[in-house]
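Fold and geometry: a report
These are the residues of each chain, in order.
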Amino acid sequence: MIDYSGPTICERPYVSVDYAGIELVTLSQSNVDLFHYSRMAEAINAGQDLHSRIAARMLSTTYEDILARRKAKEKRAVDARQSAKPVNYGLGGGMGPPKLVFTAAKDGIRFCVLADGGVPCVCAGQVKDCFRCNGAGRYCGEKTTQWKGRDIVPTCVECLELAVKYKKLWLEEWEEMNDYFALISKLCDTDGFILSFGNGMKRDLTNDKNPFCSGSNHLFQNRAAQGAKRALYRITKEADTDRGSPLWDSHIAVFVHDENISEMPLARMPEAADRMALIMREEMQALCPDVRVDAEPAAMEFWYKGAETVRVDGVLQVWRPPCPGCRADGWQKACQSGCTQNYYPKLRVAIPKLLS
Ligand SMILES: [Zn+2]
Ligand SMILES: [Zn+2]
Ligand SMILES: [Zn+2]
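Residues numbered from 1 in each chain as written. Chains lettered and ligands numbered in written order. Predicted model: local features only at pLDDT ≥ 70, side-chain atom pairs only at ≥ 80, totals over all residues.

**So, the pairing of strand β4 (residues 143-147)**
In terms of burial, β4 is a largely surface element, 0 of the 5 residues being buried. Here 4 bridges tie β4 to strand β5 (residues 150-156), and the two strands are oriented antiparallel to one another. The residue bridging Q146 from the neighbouring strand is D151, located in β5. Between β4 and β5, which pair antiparallel and follow one another directly, the connecting turn spans 2 residues, one of which, K148, has a positive phi of 45°. (Buried ≥ 20, exposed ≤ 12 C-beta atoms within 10 Å, placed from the backbone. Helix = DSSP H or I, 4+ residues; strand = E, 2+ residues; numbered from the N terminus. Pairing = 2+ DSSP bridges.)

**A short note on the sheet that holds strand β9 (residues 259-263)**
Taken in spatial order, the 4 strands of this open sheet run β8-β9-β1-β10, and their pairing is antiparallel. The open sheet has two edge strands with one neighbour each: β8 (251-256) and β10 (295-300). Strand-to-strand, the axes of this sheet are offset by a mean angle of 20°, without reference to chain direction. Relative to the sheet, helix α11 (residues 269-287) contacts β1 (14-19), β9 and β10, its axis offset from that of β10 by approximately 150°. (Axes fitted to C-alpha atoms, helices over the stretch in contact; angles between N-to-C directions. Contact = placed C-beta atoms within 7 Å.)

**Focus: the packing of helix α5 (residues 75-91) against helix α6 (residues 97-106)**
Taken N-terminus to C-terminus, the directions of α5 and α6 make an angle of 120°; their axes are 10 Å apart at the nearest point. Considering their axes alone, α5 and α6 lie oblique with respect to each other. Handedness of the α5/α6 crossing: right-handed. Residues P86, V87, G90 and L91 of α5 lie in contact with α6, whose contacting residues are L100, T103 and A104. (Parallel < 35°, antiparallel > 145°, perpendicular 65-115°, else oblique. Left-handed = near helix turned anticlockwise from the far one by under 90°.)

**Looking at α6**
Taken as a whole, α6 has its buried residues at P97, P98, L100, V101 and A104. Take α6 and look down its axis: the buried residues cluster within an arc of 165°, on one side only. Among the structural elements, α5, α7 (111-114), β4, β5 and α8 (157-173) are those in contact with the buried residues of α6. Looking one or two residues beyond α6, the residue adopting positive phi is G108, at roughly 75°. (Arc of directions from axis to C-beta.)

**Let's talk about unusual backbone geometry**
You will see that H36, though not glycine, has its phi angle at about 65°, which is positive. Relative to the helices and strands, H36 resides in the loop between α1 (22-35) and α2 (39-45). Overall, H36 belongs to the exposed group, with 9 C-beta atoms counted inside 10 Å. Of note, the phi angle at D249 is positive, near 75°, even though the residue is not glycine. Its place among the elements puts D249 in the loop between α10 (211-241) and β8.

**Things to note about the confidence of the model for the protein chain**
Per-residue confidence for the protein chain averages 92 on the pLDDT scale, and 96% of its residues sit at or above 70. Ignoring residues within four places in sequence, the model shows residues 1-8, a span with pLDDT below 50, making 15 contacts including any to other chains. (pLDDT = per-residue confidence, 0-100.)

In structure tokens form, the structure reads like this:
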């Protein structure tokens, strides 16, 4: 019995599966292949949070301390982890401090503000969507247009200093990256190309504007792309040709880098979603045998970036956004009494496992 109370009923929900931090997984695997070690791979395989590892360095403390302080929602620890995200995701591609500041800012992350610096804002943090400070109460201060003798876009001096520091401690934490960059640099100077892992494709670097960054990006982006496309091929083939598969009658609607969004018949959605995630893990794992690969499905009626994996007795459920009125969580709870929106008038019944 499936009870879809609420504003919409969808017979073919979307299921999204994306890999967890896949470029860091493929980067780690490339380092294991190249240098026979990777501190990042060790951390991933131990189930650690890579951003908290960097945050611990930023605050000169231990990983365990950061976890405890994050759990207690201590602002300083939460902010440090926010700053660590663009550092972990960006630096593997060989970017320098100015680009790191710029990239972080595009996601609304300003190092100086998160490190409790920045210039006090006229709004005093009272305006939630203040264009200067985004409600932080502080915004980036004095700007410079110079970096090591070349012109850069106006960049906050304090953010830049922090970026230099963060890059240094990132290279200390993931020490294999020193070997990685040295190798890429050498390949740019000598061969002018890189042989890809996996399919062995030759990547020419001689026509690139910035061969060092292209080369640095290549060894993890290409590997991730190969794994994701091998999975896409297998999922599509199975869904279109194998009547015995839970994926039969599902269709990939969107494929974005390392994420598949498929529409699936509701009745077999839980099995189909798990099957899709399994194939994605298997294909990527084949290319990354030494590093743990994670990919979990989330089902939804409309595409939501924030959709979560929701399970009842292990069976995947269709996630729903919180009610805009009372914030009741959308996939099972009913609206709180007195909610003006009454978005979810009734409790929902969990989807039972239909195939087995
Ligand atoms: Zn402000
Ligand atoms: Zn700043
Ligand atoms: Zn409500």
